[in-house]
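Residues per chain are reported as follows:
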Amino acid sequence: MLARTAPAAVLVAASGFTLADTLTPTNLTVEYATTPIGIEAATPRLSWQSESEVRDSLQSAYQITAAYSEADLSANKSIWDTGKVSSSDSLFIDYTGPKLGSGERVYWRVKLWDKNGDASDWSSPSYWEMGLLAQSDWQPAQWIKSTNAAEESENRPASLFRGKLTLKDEIESARLYVTAQGLYEVEINGQAITDQLFTPGWTSYNHQIQYQTYDVAGFLAEGTNTVAAQLADGWYRGYLGWSGQRNIYGDETALKAKLIVTYGDGSKVELGTDETWLTSNSGPIRGSDIYNGETYDARLSNKDWSAANFDDSAWQNAQIKPVKSVELIAPQSPGVRAQQELNPKKISKAPDGSTIVDFGQNLVGVLRLQAKGEAGHTVTLRYAEVLGPEGNIYTDNLRAAKQTDQFILAGAGEESFTPKFTFHGFRYVAINNYPGELNEDNITAIVVHSDMDRTGHWQSSDDLLNQLYSNIIWGQKGNFLDVPTDCPQRDERLGWTGDAQVFAATAALNMNVSGFFAKWLDDLATDQLDNGSVPFVIPNVLGDQDSGTAGWGDAATVIPWEMYQAYGDTKILANQFDSMKAWVDYMGSQAQEDLIWRPVFQFGDWLAPVTNPMTATTYKAITGVDLIATAYYAHSANLVAQAAEVLGKKREAKTYSKLFNTVKNAFYKEFFTADGRVVYETQTAYVLALAFDLVPESKREAIAKRLDQQVQQHGDHLTTGFLGTPDLLASLSSEGYYDRAYALLTQTTYPSWLYPVTFGATTIWEHWDAILPDGTFQNPEMTSFNHYAYGAVGRWMVNEVAGLDRNQPAYKQARIAPKPGGGLHRAQASLQTPYGPLASQWHFDGDEFTLAVTVPANTSAEVVLPNAANVQASESGKAIKDAEGVISTKTLGEDLVLTIGSGSYRFSYESHDLSRQASNLAVLDEATPMQALLAAQEVQALLKESAPSLLARDFKYMSIAGKTLAQAATDFPELAGPLGEVSRNLEDINTQRWQGWIAKHKQ
């Protein structure tokens, strides 16, 4: 088990300031991307950040100029000049210059004015480039296929394609546009042109397929040039789902590509896929499947297959594939790439004879294996997340997914193998038939996921919580591979809407998921049924019958709203608004006249714990699906109303606000008694009612108290599933029950977030007890060891423990309000917001509390200093009232609330009450149960001589645990003396415990 200690770390450096003249514009982006090519937004939107060494720096105005070349931009030959615009806006400024055509590039720059009217220099120039804006722009390229593309063997080889083009010298620019039905990889003249993987990505293929744009001028030369591609099944015609489904989108893969080369004189030449391209199925990839793995026969490999001088005389002409109307779209998501490499932690022999490689981390990706052996020698690699009790890899939970790669050697010395068109979920790899002895230099794990910038970090003084946070991050890495999958290893790996819905807010605190979710939500709206029902998974590969369940379909409303809050982008609300309304209207069509939705089938509070660890009895924690469905009906109606208000849709705002209040009243009437007791006495029932604001304000206190009692009755264990868990801690802390929230967060026994951590988990599990206390596994039919949904607790860890939150979308005004507790003496979080870096770090040095914060330029923050209303607090050694950048102060109860401008600050003060609260040391008194008293070392020291049999847990005293001091002394007269001594010394015992905590965390 990990210890509850962690080395100190510094996140925020707050000190004095060196004054600078003005703001500096930095980090210019267009549609979330830096210098993007191939975008198709009709009105590109421009954003930037600003930097300043002066506190409380604000932008008062900006000016943007744009030109067709960098030279014209420098010479002020603009096609668009906004002039000086008085505004603090720096996000999503619409380009309103001349209408742009396909492939056109625009260079731009920005100048800023600060609040004093001083102007910055022009920013460094940036640019964007349009993609193919009309389907007709693809001409003359056609969809082409291999001659035997419909082959139905278990392992279908990757198809190879080659097209040729003769070029003159003086190439000015070259763009290659590529898409596929299947997965493709492209090379030009023997060189790979990109590090992107799993292109063109997974979308609702029957309606829309992404294409990628590549700048390939550097790969072309005078004379004959060859564009070559490999094409594999991927999601298009590989296995998808758990019923052996295959060829869901079609039984033939196909390629479409267009190369446009522009010479220095402005003339152009093009190459498009057609029947003159040559194809072969005799390449080395003999089979490749997302679930089953890849077979690579190196004997068939020719490194020159994509070179211009390769002999392709034995290849055949490609065939034109008739394709029904499908829209080709530019990507919004950043694409999938290899992100990092891990070396083995341990290599050992398993009882079954295989060689086991342990990478120490459950991850998603592939291997790079190096081997040397005879031609035809086959090495087999099987992947797993855990080892079974006997020490072999455990694969029962993979169900039908084989997760197996085969590497057939060519016998040509040292050879290397890395799968191209599959991925695996694994920590362990079992290798069979490796030639010679495998060592760590021969094998490397390559971590693969969507190329989302890491924007958030969190750390505390508790190693268990730090590991939990790491597990959350790795769960997101492993399951955000082009779509938000539920799990990355078994025969599923689908875009489950419920998982994404509950985790989206946390995801945005970890990484930049703006484009990732924009792309996926577009498919959600595309696959949404005509009646508004939302499929269980997106893209929808299960069929229209698998749709319409509360908490899952609400991804249509919750995620757009969370993305707007995180990034301040109204466009995602505008794009998804019809989809949001349609889902709420669908729920309305399913509800009865009393507005209660009583569905036949729902997932409900999925995977809520079954067994009570305190009594070994079955939990009565089944929350009625009618309550859950109606709660989400109200919640989504409220989100639509708020989205409508943001978009200026006054009529819809009024309509859906009224609907929310009507359903809210019906919900309370149906599910609550007059004294605030819910008919389903579960944590989830109370959580949804509080989190979704479904109870009268006058009843919130009583209902929150009942939730607190529910948790207490279960020994500070949760009883929630997928839908109740995300808001459990916030529902407690928002009503003042921080101690209970921390007790849940730091609980280590089942069911809890830290229970898996104590079993060595390195990702979030699907079940709270995927591994049972006796070391055996849950039902293998549904036991994933990488299932990110319960990682939604990360939001509370950032917002409440570290105190990093927002008052306005995109953190235009942040809220920094840490609530120390849980025995932590240090916590910190940072987030790269759309405006720049935001950070919070607090720690104790004895009774002294220090909070260091950083607020980005052009923003402000509300800072709440806990328990500081009646103490002398300072900022960097100065009285707060004299500190530069502090705009206002006020007291709120025991707290001191500040409004501050941008910059870095360091607040310090002494508070005995705050450090006592943080220590998580309950005050021991006459009413404290004996079980808690006997756990205190100071009490044990008092009883060591006078009552040793009590400390030895003599059978005679088995019933003493729940008794108070007085009850115990009455029931066991022989203990009256020793227990009386404990009673007389309680004040000293509490002081000793407290002083011990102070001493332990003295800097």
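All values derive from a computational prediction rather than experimental measurement.

A. Broad picture of the UniProt feature "domain: Alpha-L-rhamnosidase C-terminal" (unreviewed entry) in the protein. UniProt annotation of "domain: Alpha-L-rhamnosidase C-terminal" (unreviewed entry) refers to residues 803-878 when read in the numbering used here. Across residues 803-878, the secondary structure splits into 0% helix and 61% strand, with the terminal C-alpha atoms separated by 23 Å.

B. The arrangement of helix α4 (residues 497-510) in detail. Helix length check: α4 (14 residues) gives 19 Å between terminal C-alpha atoms against 20 Å at 1.5 Å per residue, within 8%. Of all the bends in α4, the greatest measures close to 55° and is centred on A504. Counting buried positions along α4 yields 14 of 14 residues, so the element is predominantly enclosed.

C. The pairing of strand β18 (residues 254-263), seen in detail. Of all 10 residues in β18, 10 are buried; the element is thus mostly enclosed. A two-sided burial pattern is seen for β18, the buried positions comprising A254, K256, K258, I260 and T262 on one face and L255, A257, L259, V261 and Y263 on the other. Pairing of strand β12 (residues 171-181) with β18 involves 10 bridges; the strand directions are antiparallel. What sits directly across from A180, in β18, is L255. Pairing between β18 and strand β19 (residues 268-272): 5 bridges, direction antiparallel. Across the sheet, the residue bridging to I260 is E270, located in β19.

D. Focus on the pattern of salt bridges. Going through the model one piece at a time under the given rule, you end up with 46 salt bridges. A salt bridge links E875 to R55; the shortest N-O distance between them is 3.0 Å. Within this pair, whereas E875 is found in strand β46 (residues 874-875), its partner R55 is found in the loop between β3 (45-51) and β4 (59-67), the two being separated by 820 residues in sequence. You can call E875 buried: its relative accessible area is 2%. A salt bridge links E252 to K145; the nearest nitrogen and oxygen atoms lie 2.8 Å apart. Taken together, the positions of E252 in the loop between α2 (234-237) and β18 and K145 in strand β10 (residues 144-145) put the pair 107 residues apart, joining distant regions of the chain. In the salt-bridge network here, residues are joined through shared partners; they are R399, D486, R490, D491, E492 and E766.

E. Just the nonpolar core, in detail. Core analysis: the largest hydrophobic core is formed by 224 residues, its most contacted members being L468, V513, F517 and L865. Here the element with the most residues in this core is helix α8 (residues 625-646); it accounts for 13 residues. Those residues in contact with F517, other than ones at most four positions away along the chain, are F480, P484, A500, A504, A507, I559 and M563. Counting residues in each nonpolar core, the second largest holds 26 residues, with A174, V216, A257 and L271 among its members.

F. Focus on the environment of W753. Within the element layout of this structure, W753 appears in the loop between α13 (738-745) and α14 (754-758). Accessibility expressed as a relative area gives 3% for W753, which makes it buried. W753 has contacts with L468, L718, T725, L728, L729, L744, L745, W768, Y790 and V793, leaving out every residue within four places of it along the chain. Of note is the side chain of W753, whose polar atom sits 3.1 Å from the backbone oxygen of Y790.

G. Looking closely at the sheet that holds β3. With antiparallel pairing, the 3 strands of this open sheet are ordered in space as β1-β3-β7. Each end of this open sheet is capped by a strand with a single partner; those strands are β1 (24-30) and β7 (93-94). Bridging between β3 and β7 involves 2 bridges; their strand directions are antiparallel. Counted as the bridge partner of L46 is I93 from β7.

H. Highlighting the packing of aromatic side chains. All chains considered together, the criterion is met by 62 aromatic pairs. Relative to F426, the ring of Y383 has its centre 4.9 Å away and its plane inclined at 65°; by these criteria the two rings are edge-to-face. Of this pair, Y383 sits in strand β29 (residues 378-384) while F426 sits in strand β34 (residues 424-432), placing them 43 residues apart in sequence. The exposure class assigned to F426 is buried, which follows from its relative accessible area of 0%. Ring geometry for F667 and F672: centres 6.1 Å apart, planes at 50°, overall tilted. Overall, F667 belongs to the buried group, its relative accessible area being 0%. Note on F672: relative accessible area 7%, which makes it buried. An aromatic cluster is defined as three or more aromatic residues linked by ring pairs; in this entry it consists of W242, W496, F536, W552, F601, F603 and W606.

I. View of the sheet that holds strand β14 (residues 191-192). Across the sheet, which stays open at both edges, the 6 strands sit in the order β14-β13-β17-β11-β20-β23 with antiparallel pairing between neighbours. Across the chains shown, the open sheet's two edge strands, defined by having one partner strand only, are β14 and β23 (316-317). Sheet topology places strand β20 (residues 278-280) next to β23; 2 bridges connect them, and they run antiparallel. Looking across to β23, one finds that L278 is bridged to N317.

The rules we used
- Residues numbered from 1 in each chain as written.
- Predicted model: local features only at pLDDT ≥ 70, side-chain atom pairs only at ≥ 80, totals over all residues.
- Heavy atoms only, no water.
- UniProt positions renumbered as here; feature names shortened; annotations may be inferred.
- Helix = DSSP H or I, 4+ residues; strand = E, 2+ residues; numbered from the N terminus.
- Expected span 1.5 Å × (residues − 1).
- Bend = angle between axes of the 7 residues up to and from the residue.
- Buried < 20%, exposed > 50% of the residue type's maximum accessible area, 1.4 Å probe, protein only.
- Pairing = 2+ DSSP bridges.
- Salt bridge = Lys/Arg side-chain N within 4 Å of Asp/Glu carboxyl O.
- Core = buried A, V, L, I, M, F, W, Y, C linked by side-chain atoms within 4.5 Å.
- Contact = heavy atoms within 4.5 Å.
- Polar contact = N/O pair within 3.5 Å; in protein donor to acceptor, adjacent residues only side chain to side chain.
- Phe/Tyr/Trp six-rings, centres within 6.5 Å; stacked < 30°, edge-to-face > 60°.

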